[in-house]
Amino acid sequence: MRIYEPHKPTFHDQNPFDALVDSVYASLEKAGGPNLQAVVSEGGRPSEGGTEASVGIAETYYRILINHVKNGIPKRSGAIEAYLFAMFDENGMDGNEVERHFCQFSADKQPKYQRSFN
């Protein structure tokens, strides 16, 4: 009689971001593309428009994301190419108020927070 034992990974995801990117790499490997590089095409956090939205929280999110992608993830070391969403708030955008405030600059082109990409 054979008992199923699930595979135990040798890496440890520390957060949902790592788990998501690791799962993309695992899928690429299984599909025969172990040398392909994943790109995080959009990362962001609203700075206003909702109860859990503030400039301080958004600034912290972006700072942590920028520092984190420089080091890679458990499954792959090295920097991950990632893009921040987006440049300028869209005050005229239809829909939920929070959707208008995911950007790095306010609609009048003033920076919302200081940031370093070094």
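These numbers were taken from a predicted model, which means no experiment stands behind them.

**Structural notes on the nonpolar core**
- Membership of the largest hydrophobic core is limited to eight residues, which are V21, Y25, A38, V40, L65, V69, I73 and I80.
- Sequence-distant contacts of L65, that is, excluding residues within four places in its chain, are made with F17, G43 and L84.

**So, the packing of aromatic side chains**
- Within the structure shown, the criterion is met by four aromatic pairs.
- On the basis of an interplanar angle of 80 degrees and a centroid distance of 5.5 Å, the ring pair of Y61 and Y62 is categorised as edge-to-face.
- When its relative accessible area of 31% is taken as the criterion, Y61 is described as partly exposed.
- Judged by relative accessible area, which is 0%, Y62 ranks as buried.
- An angle of 40 degrees between the planes, with centres 5.4 Å apart, marks the rings of F88 and F105 as tilted. Taken together, the positions of F88 in the segment after β2 (81-84) and F105 in the segment after β2 put the pair 17 residues apart, joining distant regions of the chain.
- The exposure class assigned to F88 is partly exposed, which follows from its relative accessible area of 36%.
- F105 sits in the partly exposed class, given a relative accessible area of 24%.
- By the ring-pair criterion, three or more aromatic residues cluster together here, those being Y61, Y62 and Y113.

**A closer look at helix α2 (residues 55-71)**
- Between its first and last C-alpha atoms α2 spans 25 Å; for 17 residues at 1.5 Å apiece the expected length is 24 Å, and the two agree.
- Summarising the contacts, the buried residues of α2 are in contact with α1 (16-30), β1 (39-43) and β2.
- Downstream of α2 by one or two residues, G72 has phi in the positive range, about 90 degrees.

**Some points on the pattern of salt bridges**
- With the rule as written, the count across this model stands at four salt bridges.
- Of the charged contacts, one joins K75 and E29 as a salt bridge, the two residues approaching to 3.3 Å between their closest N and O atoms. Of the two residues, K75 sits in the loop between α2 and β2 while E29 sits in helix α1, which places them 46 residues apart along the sequence.
- Since its relative accessible area comes to 26%, K75 is described here as partly exposed.
- For E29, a relative accessible area of 34% gives the class partly exposed.
- One salt bridge in this structure joins R76 and E29, with 3.9 Å as the shortest N-O distance. Placement of the pair is R76 in the loop between α2 and β2 and E29 in helix α1, with a sequence separation of 47 residues.

The rules behind each value
Residues numbered from 1 in each chain as written. Predicted model: local features only at pLDDT ≥ 70, side-chain atom pairs only at ≥ 80, totals over all residues. Heavy atoms only, no water. Core = buried A, V, L, I, M, F, W, Y, C linked by side-chain atoms within 4.5 Å. Buried < 20%, exposed > 50% of the residue type's maximum accessible area, 1.4 Å probe, protein only. Contact = heavy atoms within 4.5 Å. Phe/Tyr/Trp six-rings, centres within 6.5 Å; stacked < 30°, edge-to-face > 60°. Helix = DSSP H or I, 4+ residues; strand = E, 2+ residues; numbered from the N terminus. Expected span 1.5 Å × (residues − 1). Salt bridge = Lys/Arg side-chain N within 4 Å of Asp/Glu carboxyl O.

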